[in-house]
Amino acid sequence: MQVKVLLASPRSFCAGVERAIEIVEEVLRHRKPPVYVRKQIVHNKHVVADLATRGAVFVDELDAVPDGATVVFSAHGVSPAVREEAERRQLDVIDATCPLVTKVHTEARRFAGRGDTVVLVGHAGHEEVEGTLGEAPDRTVLVESAEDVASLDIPDPSRVSYLMQTTLAVDEAAEVVSALRARFPDLRGPASDDICYATTNRQNALHAIADEADLVLVVGSTNSSNSVRLVELAQRHGTPAYLIDDVSDIKARWLEGVRVIGITAGASAPPGLVDEVVAALNPISVENRETVTETIQFTLPPAARRSS
């Protein structure tokens, strides 16, 4: 049985991911390998594997980096403690933190500095969350769901602010904020959304096709928060959905009785992987559903430009 494919657009790489990958590529091009990268530069195993073949060495912590070596901080950001360790060991740091993550870090410092308890909405253990928590650890608490709000112990309920991980599901994050406002009427938040434009755009694009699809395939790695959120979003529409790293993950049983397949990709998944999935499905038609055109670009940091 042949199928019809609906492609959600925007999909795949966002500006922050493209910038982070380009930073590593530029440093590898103009400096002698190895170039160390703390954590995965972006959460995609294909991207990481490709850069590793070109001389990037991915490490979990800075203690695996020799003194004085070049190290790139990933797109997800780091805490001040990590920056201080890098400076103490005289590492040559090139910061690939997404500017939209940097915005959240700046807000964390500002909100804590004015005396607020900062409620960070996000997923425990995620690298972005760990970095943000590190900006003001004594004044920041983490909540993962609306249910967590009831158990918060806030010293001064009149001085509470909230921030968000940039890759959350928009609708679920709104539920948490509503719960926070109900409990803390004086709650204050950022002037503009913390959930990044790319996360929102990819979720909206999937919204536009999920109800028409019999099956949704999301291209992305399991540690990619925004990719996992896309799978969950499709499932909330009542549509079966699976996260796949590449075409080899597709199971024949998923396709039984399926006539329309929706395809999207997380912001850290290379576009070519989507092309390979479409080709493997050999559909009778492919329809690109574009909900918005993304034009945002981020410049490289000065240290990376000096490598050029």
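Notes on the structure follow.

Procedures and definitions
- Residues numbered from 1 in each chain as written.
- Predicted model: local features only at pLDDT ≥ 70, side-chain atom pairs only at ≥ 80, totals over all residues.
- Heavy atoms only, no water.
- Salt bridge = Lys/Arg side-chain N within 4 Å of Asp/Glu carboxyl O.
- Helix = DSSP H or I, 4+ residues; strand = E, 2+ residues; numbered from the N terminus.
- Buried < 20%, exposed > 50% of the residue type's maximum accessible area, 1.4 Å probe, protein only.
- Axes fitted to C-alpha atoms, helices over the stretch in contact; angles between N-to-C directions.
- Parallel < 35°, antiparallel > 145°, perpendicular 65-115°, else oblique.
- Left-handed = near helix turned anticlockwise from the far one by under 90°.
- Contact = heavy atoms within 4.5 Å.
- Nonpolar A, V, L, I, M, F, W, Y, C, P; charged D, E, K, R; others polar.
- Disulfide = S-S within 2.5 Å.
- Phe/Tyr/Trp six-rings, centres within 6.5 Å; stacked < 30°, edge-to-face > 60°.
- Core = buried A, V, L, I, M, F, W, Y, C linked by side-chain atoms within 4.5 Å.
- Pairing = 2+ DSSP bridges.

### Description of the pattern of salt bridges
In step 1: One pass over the structure, following the stated rule, counts 21 salt bridges.
In step 2: Here Lys39 ties to Glu61 by a salt bridge, and the two come within 3.4 Å at their closest N and O atoms. Here Lys39, found in the loop between β2 (35-38) and α2 (45-53), pairs with Glu61, found in the loop between β3 (56-59) and β4 (70-73); they are 22 residues apart in sequence, far enough to count as distant.
In step 3: We note a salt bridge from Asp67 to Arg89, for which the minimum N-O separation is 2.7 Å. Taken together, the positions of Asp67 in the loop between β3 and β4 and Arg89 in the loop between α3 (80-88) and β5 (92-95) put the pair 22 residues apart, joining distant regions of the chain.
In step 4: Classification of Asp67 as exposed rests on a relative accessible area of 58%.
In step 5: Taken together, the shared-partner salt bridges connect Lys4, Glu212, Glu287 and Arg289 into one network.

### Notes on the packing of helix α7 (residues 197-210) against helix α8 (residues 225-236)
In step 1: α8 packs onto α7 with a crossing angle of 25° between their chain directions and a minimal axis gap of 10 Å. Between α7 and α8, the angle falls in the class roughly parallel. Judged by the sense of rotation from one axis to the other, the crossing of α7 with α8 is right-handed. Residues Thr199, Arg202, Gln203, Leu206 and His207 of α7 form the contact with α8, whose participating residues are Asn226, Arg229, Leu230, Leu233 and Ala234.
In step 2: Across the contact of α7 with α8, the residue classes break down as four nonpolar, four polar and two charged.

### Let's talk about the state of the cysteines
In step 1: Within this structure, the stated rule accounts for zero disulfides.
In step 2: For the unlinked cysteine Cys14, the closest cysteine sulfur is that of Cys196, found at 5.8 Å.

### Let's talk about the packing of aromatic side chains
In step 1: With the rule as written, the count across this model stands at one aromatic pair.
In step 2: Arranged with centres 3.8 Å apart and planes meeting at 5°, the rings of Tyr242 and Trp254 form a pair that is stacked. Remark: Trp254 occurs in the loop between β10 (241-244) and β11 (260-265) and Tyr242 occurs in strand β10; sequence separation between them is twelve residues.
In step 3: Looking at Tyr242, the relative accessible area reads 30%, which means it is partly exposed.

### Quick look at the nonpolar core
In step 1: Counting residues in hydrophobic clusters, the biggest one holds 27 residues, and the most contacted among them are Ile23, Val24, Ile41, Val42, Leu51, Val72 and Ile94.
In step 2: Residue assignment for this core shows that the elements contributing at least two residues are α1 (15-30), β2, α2, α7 and α10 (302-305).

### Considering the sheet that holds β11
In step 1: Strand order in the open sheet formed by five strands is β10-β9-β11-β1-β12, with parallel pairing between adjacent strands. The outermost strands of the open sheet, each flanked by one partner alone, are β10 and β12 (285-290). The sheet shows a mean angle of 25° between the axes of neighbouring strands, direction not considered.
In step 2: Alignment of strand β1 (residues 4-9) against β12, held across six bridges, turns out to be parallel. Its bridge partner being in β12, Val5 is matched across the sheet by Val286.
In step 3: The strands touched by α7 within the sheet are β1, β9 (215-219), β11 and β12, with β1 carrying the most contacts at an inclination of about 150°.
In step 4: Relative to β10, α8 is tilted by about 165°, and along the sheet it contacts β9, β10 and β11.

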